Amino acid sequence: MSERRFHTAPLVAGATFVVLGAALLLDALDLATIDPGVVWPLALIAAGIAVLARRAN
Amino acid sequence: MGQEPPEDRAARPPTEPTLEMGPPTWPATEQPKEPARPGEAPAPPPARLASAGPVGWGVALVAVGVLWLLDTLGVRIPWEVVLPASVVAVGVALLATARTGAHRGLIGLGVVLTVLALLAAAVGGPLRLTVGERVERVTSAQQLRPDYGHGAGTLTLDLRDLDLGARTETVRVGLNVGQLEVRLPDDLVVEVDARVRAGEVEVLGRSGNGVNVRVQVTDPPGEPQLRLELTVGLGQIQVRR
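Residues numbered from 1 in each chain as written. Chains lettered and ligands numbered in written order. Predicted model: local features only at pLDDT ≥ 70, side-chain atom pairs only at ≥ 80, totals over all residues. Heavy atoms only, no water.

1. A short note on the environment of Asp161(B)
Residues and elements named next belong to chain B. We count it as follows: Note on conventions: DSSP H or I runs of at least 4 residues are helices, E runs of at least 2 residues are strands, and numbering of each starts at the N terminus. A simple rule labels every residue: compare its accessible area, found with a 1.4 Å probe on the protein chains alone, to the largest value its type can have, and call it buried under 20%, exposed over 50%, or partly exposed in between. In what follows, residue pairs with any heavy atoms lying within 4.5 Å of each other are defined as contacts.
In this fold, Asp-161 is placed in the loop between strand S2 (147-158) and strand S3 (169-183). Its relative accessible area of 54% is what places Asp-161 among the exposed residues. A C-alpha to C-alpha distance of 4.9 Å links Asp-161 and Thr-139, two positions 22 residues apart in sequence. Apart from residues no more than four positions distant in its own chain, Asp-161 is found in contact with Val-138 and Thr-139.

Below you can see the structure in the form of structure tokens.
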């Protein structure tokens, strides 16, 4: 039976970075607008997710 | 009653337990290695899976250094696009290495790039790396440039002595963080479009403050001879005569 095991930390962190980076890219290209008041709370949430993902691994 | 005769003693089977030597047993932590045959090279150690983290950090440092050098030499680098794109790239690399486990260091790189990308998004517009106080005094149409930009600090565009003649010009001015001040001639018809991501705008008597503030003024009424597009990420815009 083949082993299919994925590490949690890179999965969660990678998905978070892809989503956040795509949102910021759309804002930079004027295809979407991010409210500055939302930016820093998003940063804290992303950092917390990354820390929790590392501890869960 | 006397001693047992020697010949009877020899015939008697032994009653004491005897120590029998069996095959050698190895400690559980060691396994006997099969010795290499003469002329054969020993087997190479198993290959270790390379981690993507150091590679990612190396590539990121070299890329940022090269782009920063180009920016210093006057090449326009769209940092507001480069940084988010690099965050996405790190995220994809993490997803790709989730199964192999060779991701050590990539999460830290992603966090650093995300912080920088969020900073760039917060200040809005093209990200510039100049810092300090900068004054641009323009007196003729030939001196007037279509774009002025500054990173952080104070940018003053003094157009009080500007003589455009019969020409019509459009000028874009961008400041990431700080105070942007524009001084205009008394009689020039000007159209001003001023935007602040977060801060305060005051244009020829009209003002606003908060988040995503935009003030558009044409003064005095009529066909504008000078169009100003002013953008500040975090800070203040002030336009007066």
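Still to come is the rest of the account.
2. Some words on the interface of chain B and chain A
As a reminder of what qualifies: The quantity reported as buried area is the accessible area (1.4 Å probe) lost by two parts once they are put together, taken as the sum for both. Note on definitions: salt bridges are taken to be side-chain nitrogens of Lys or Arg within 4 Å of carboxyl oxygens of Asp or Glu. Polar contact criterion, stated in full: a pair of N or O atoms within 3.5 Å, where within protein one must be able to donate a hydrogen and the other to accept it, and residues adjacent in sequence count only if both atoms are side-chain atoms. The residue classification treats Ala, Val, Leu, Ile, Met, Phe, Trp, Tyr, Cys and Pro as nonpolar and Asp, Glu, Lys and Arg as charged. All others, Gly included, are polar.
Each partner contributes to the interface: chain B provides 28 residues, whereas chain A provides 31 residues. Between chain B and chain A, roughly 2,400 Å² of surface is buried when both sides are summed, and carbon and sulfur atoms account for 79% of that area. For the chain B face of the interface with chain A, the top three residues by lost area are Arg99(B), Ile107(B) and Leu118(B), together amounting to 25%. Arg197(B) serves as the salt-bridge partner of Asp27(A), at 3.1 Å between the closest nitrogen and oxygen. Our enumeration of links across chain B and chain A arrives at one residue pair in polar contact (both at pLDDT 80 or more). For the side of chain B that touches chain A, the secondary-structure elements that each account for two or more residues are helix H3 (79-96), helix H4 (106-123) and strand S5 (206-219) of chain B. With 11 residues, the single largest contributor to the side of chain B that touches chain A is H3(B). Looking at side-chain class alone, the side of chain B that touches chain A contains 18 nonpolar, seven polar and three charged residues.

3. Structural notes on the pairing of S5(B)
To keep it simple, the criterion reads: The criterion for strand pairing is that DSSP finds at least two bridges linking the strands in question.
Here 13 bridges tie strand S4 (residues 190-203) of chain B to S5(B), and the two strands are oriented antiparallel to one another. In the strand pairing of S5(B), Asp193(B) is matched with Gln216(B).

4. Side note on the packing of helix H2 (residues 52-72) of chain B against H4(B)
All names here are of chain B. Convention followed: Note on geometry: axes are lines fitted to C-alpha atoms, helical ones only across the stretch in contact, with angles between N-to-C directions running from 0 to 180 degrees. Convention used here: angles under 35 degrees read as roughly parallel, angles over 145 as roughly antiparallel, angles from 65 to 115 as roughly perpendicular, and any remaining angle as oblique.
In contact at an axis separation of 8 Å, H2 and H4 are set at 30 degrees when each is read in the N-to-C sense. Considering the angle they form, H2 stands roughly parallel to H4. Seen from H2, the contacting residues are Ala-52, Gly-53, Gly-56, Trp-57 and Ala-60; seen from H4, they are Leu-106, Gly-108, Leu-109 and Val-112. A per-class count over the contact of H2 with H4 returns six nonpolar, three polar and no charged.

5. Here's the deal with the sheet that holds strand S6 (residues 226-240) of chain B
Residues and elements named next belong to chain B. The sheet built from six strands is open, its strands ordered S1-S2-S3-S6-S4-S5 with mixed pairing. A single partner strand is all that each edge strand has here, and the edge strands are strand S1 (131-137) and S5. Pairwise comparison of adjacent strand axes, ignoring direction, gives a mean angle of 15 degrees for this sheet. Across the sheet, H4 lies against S3, S4 and S6, angled at about 135 degrees from S6, the strand it touches most.

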